[in-house]
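Examining the three-dimensional arrangement
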Amino acid sequence: MRTIPIPYYTGTLDLHVAEENLKAVVTAKMHHYKAEKGEEELVREALANPIGSPRLSELAKGKKRVTLVTSDHTRAVPSKITLPILLEEIRAGSPEAEITILIATGLHRATTPEEQRRMFGDAIVDNEKIAVNDAFKPEDFVHICTLPSGADFEVNRLAVECDLLVTEGFIEPHFFAGFSGGRKSILPGICSEVTVNENHSYKAIASPYSAAGVLEKNPIHEDMVAAARAVNVQFTFNVALDGEKKIIAAFCGDLVQSHEKGVEFIRSLSQCPSITGDIVITSNGGYPLDQNLYQSPKAVTPPLASASPCSSTRVPSGKTSRRLPPPRPAPGRTGLSSCAAPAPTAWGAPTLKSSSPWAPWRKSTSTSPRYPPRRPSRSSGAPKSTPAS
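Residues numbered from 1 in each chain as written. Predicted model: local features only at pLDDT ≥ 70, side-chain atom pairs only at ≥ 80, totals over all residues. Heavy atoms only, no water.

1. Here's the deal with the packing of helix α1 (residues 39–48) against helix α3 (residues 79–93)
Between α1 and α3, whose axes approach to 10 Å, the crossing angle comes to 35°. Between α1 and α3 lies a crossing whose hand is right-handed. Here α1 contributes Glu39, Glu40, Val43, Arg44 and Leu47 to the contact with α3, which in turn contributes Ile81, Thr82, Ile85, Leu86, Glu88 and Glu89. Broken down by class, the residue content of the contact of α1 with α3 amounts to 5 nonpolar, 1 polar and 5 charged. (Axes fitted to C-alpha atoms, helices over the stretch in contact; angles between N-to-C directions. Helix = DSSP H or I, 4+ residues; strand = E, 2+ residues; numbered from the N terminus. Left-handed = near helix turned anticlockwise from the far one by under 90°. Contact = heavy atoms within 4.5 Å. Nonpolar A, V, L, I, M, F, W, Y, C, P; charged D, E, K, R; others polar.)

Structure (structure tokens):
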């Protein structure tokens, strides 16, 4: 009998499997990666050697109002380590700067004061100015522009009414944005519900390029980058984490260049061999990603796409022949879906035959509800709206 610890909440649950029934245990190499330096040393070394950008302390010189965007309670960003060092670096360049820490919630609920203390530490909560993004308060947002997809870009005004905009986060494979981190702090992090719902709509995800490990031609990623550039993110800081959510690498500097370096590192350690079997048990790593059911599909993300954005993993299940969803059709092709077929939009090709030509950059006509998403009752079926990821 083999005992396998499965991450669950902040601990693990033991899974017991007879050896003759166990085909393989697959974990990402990054979970076992050992950094040669400590977490704080990695952070300080990255800040001293930014990628494609001056040091943050240099950028901060002469700045009066600084907004520092950080992640919310659903992400494992080790802000208790990173935030004090980032604040120190900013104040080294501008000691009198008014700094606002803006928590990027997307469409998630507000981060509570107790969660802020756990994430940031008492010193930051007691002494720094902290604001929590609320996507459902239209008065908090300003319209900036139209994104490449045709979606309206509405962002928290704190990102606009500042002299220096800085973001922090962490990078990992993301099942439709390609990878997390970098530009994602802005969209969906601090955008209005209208913008987030458009970016995370089924039309956006229907694109064959909206997949784990895919950035090139990924319309979700392209809109995210355009949004971050539109509000002039001047410096971004991201870390890579192991299975215990410890910092194993850090990347900072230019929005795109530093993110690309981080993605290169993560990609090298995230790909695992494809294993098929009658039963596949996966975990998304436990807390904080297991706070809602919406995060659970991330645990069954197919292998990172490489040459083909339409690759898939199929898992036979005995006589029932159950399998993961088939690959999305490439633009100009047709295919079948277990969901309602999306209409031709900016985000992806139609999945059913139609006499109408595909308009690849036509703005979606979908509408967004003007109220926060509600937790469905046991009998109500699927949620009414999708939370940001």
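2. Notes on the packing of aromatic side chains
Given two aromatic rings, one states the distance between the centres and the angle between the planes to describe the pair. Counted by the stated rule, this structure contains 3 aromatic pairs. For the ring pair Tyr33 and Phe265, a centre distance of 5.4 Å and an interplane angle of 90° mean the geometry is edge-to-face. Taken together, the residues span a long stretch of sequence, with Tyr33 in the loop between β2 (11–17) and α1 and Phe265 in helix α9 (residues 255–270) at a distance of 232 residues. The partly exposed category is assigned to Tyr33, whose relative accessible area is 30%. Taking relative accessible area as the criterion, Phe265 reaches 16% and is therefore assigned buried. Ring geometry for Phe251 versus Phe265: centroids 5.8 Å apart, planes at 50°, classification tilted. With Phe251 in strand β12 (residues 247–253) and Phe265 in helix α9, the pair connects residues that are 14 residues apart, well separated along the chain. Per residue, the accessibility class of Phe251 equals that of Phe265, and both read buried. An aromatic cluster is defined as three or more aromatic residues linked by ring pairs; in this entry it consists of Tyr33, Phe251 and Phe265. (Phe/Tyr/Trp six-rings, centres within 6.5 Å; stacked < 30°, edge-to-face > 60°. Buried < 20%, exposed > 50% of the residue type's maximum accessible area, 1.4 Å probe, protein only.)

3. Comments concerning the confidence of the model for the protein
Averaged over every residue, the pLDDT of the protein is 79; residues scoring 70 or more account for 73%. Considering only residues more than four positions removed or in separate chains, one finds that residues 303–389, a stretch of pLDDT under 50, has 162 contacts. (pLDDT = per-residue confidence, 0-100.)

4. Digging into the sheet that holds strand β11 (residues 233–241)
Taken together, the 6 strands give an open sheet; going across it, the order is β5-β4-β3-β8-β11-β12, and neighbouring strands pair in mixed fashion. Among the strands making up the open sheet, the edge pair consists of β5 (129–132) and β12. Ignoring which end each strand starts from, the neighbouring axes of this sheet average 20° apart. Both strand β8 (residues 164–170) and β11 contribute to a ladder of 6 bridges, which runs parallel. (Pairing = 2+ DSSP bridges.)

5. Structural notes on the environment of Pro148
One can find Pro148 in the loop between β6 (141–146) and β7 (152–156). For Pro148 and Ala226, which are 78 residues apart along the polypeptide, the C-alpha to C-alpha distance reads 7.4 Å.

6. Overview of the environment of Glu128
Within the element layout of this structure, Glu128 appears in the loop between α5 (122–127) and β5. Between the alpha carbons of Glu128 and Glu98 there is a distance of 9.5 Å; along the sequence they are 30 residues apart. Not counting residues up to four positions away in its chain, the partners in contact with Glu128 are Leu87, Arg91, Ile101 and Ala123. Only 2.8 Å separates the side chain of Glu128 from the side chain of Arg91, close enough to count as a polar contact. (Polar contact = N/O pair within 3.5 Å; in protein donor to acceptor, adjacent residues only side chain to side chain.)

7. A word on the side chain of Ser180
Secondary-structure assignment places Ser180 in the loop between β10 (178–179) and α6 (193–199). Sequence-distant contacts of Ser180, that is, excluding residues within four places in its chain, are made with Phe170, Ile171, Glu172, His174 and His259.

8. Things to note about the pattern of salt bridges
In total, this model carries 12 salt bridges according to the counting rule given. With its nearest N and O atoms 2.6 Å apart, the salt bridge here joins Glu115 to Arg109. Of the residues examined, Glu115 reaches a relative accessible area of 11% and is grouped as buried. Through salt bridges that share partners, Glu40, Arg44 and Glu88 make up one connected network. (Salt bridge = Lys/Arg side-chain N within 4 Å of Asp/Glu carboxyl O.)

9. A word on the nonpolar core
Counting residues in hydrophobic clusters, the biggest one holds 34 residues, and the most contacted among them are Leu47, Leu56, Phe120, Leu164, Phe235, Phe237 and Val239. With 5 residues, the single largest contributor to this core is α3. Core analysis: the second largest hydrophobic core is formed by 30 residues, Leu107, Ala135, Val142 and Ala227 among them. (Core = buried A, V, L, I, M, F, W, Y, C linked by side-chain atoms within 4.5 Å.)

10. Topic: unusual backbone geometry
For the bond running from Leu187 to Pro188, omega is 15°, close enough to zero to count as cis. Of note, Lys217 is a non-glycine position whose phi angle comes to about 65°, a positive value. Structurally, the position occupied by Lys217 is in the loop between α7 (202–205) and α8 (219–230). Although it is not a glycine, Lys245 adopts a positive phi angle of roughly 65°. With respect to the secondary-structure elements, Lys245 resides in the loop between β11 and β12. Overall, Lys245 belongs to the partly exposed group, its relative accessible area being 28%.

11. A word on α1
Every buried residue of α1 is accounted for by Leu42, Val43, Ala46 and Leu47. Buried residues along α1 cover an arc of 130° about the axis, so they all sit on one side. Structurally, α1 contributes buried residues whose contacts are with α3, β11 and β12. (Arc of directions from axis to C-beta.)

12. Topic: the pairing of β8
Buried residues dominate β8, accounting for 7 of its 7 residues. Neither face of β8 is left uncovered, since the one carrying Leu164, Val166, Glu168 and Phe170 and the one carrying Leu165, Thr167 and Gly169 both have all their residues buried. Bridging between strand β3 (residues 65–71) and β8 involves 4 bridges; their strand directions are parallel. Within β8, the residue paired with Val69 across the bridge is Thr167.

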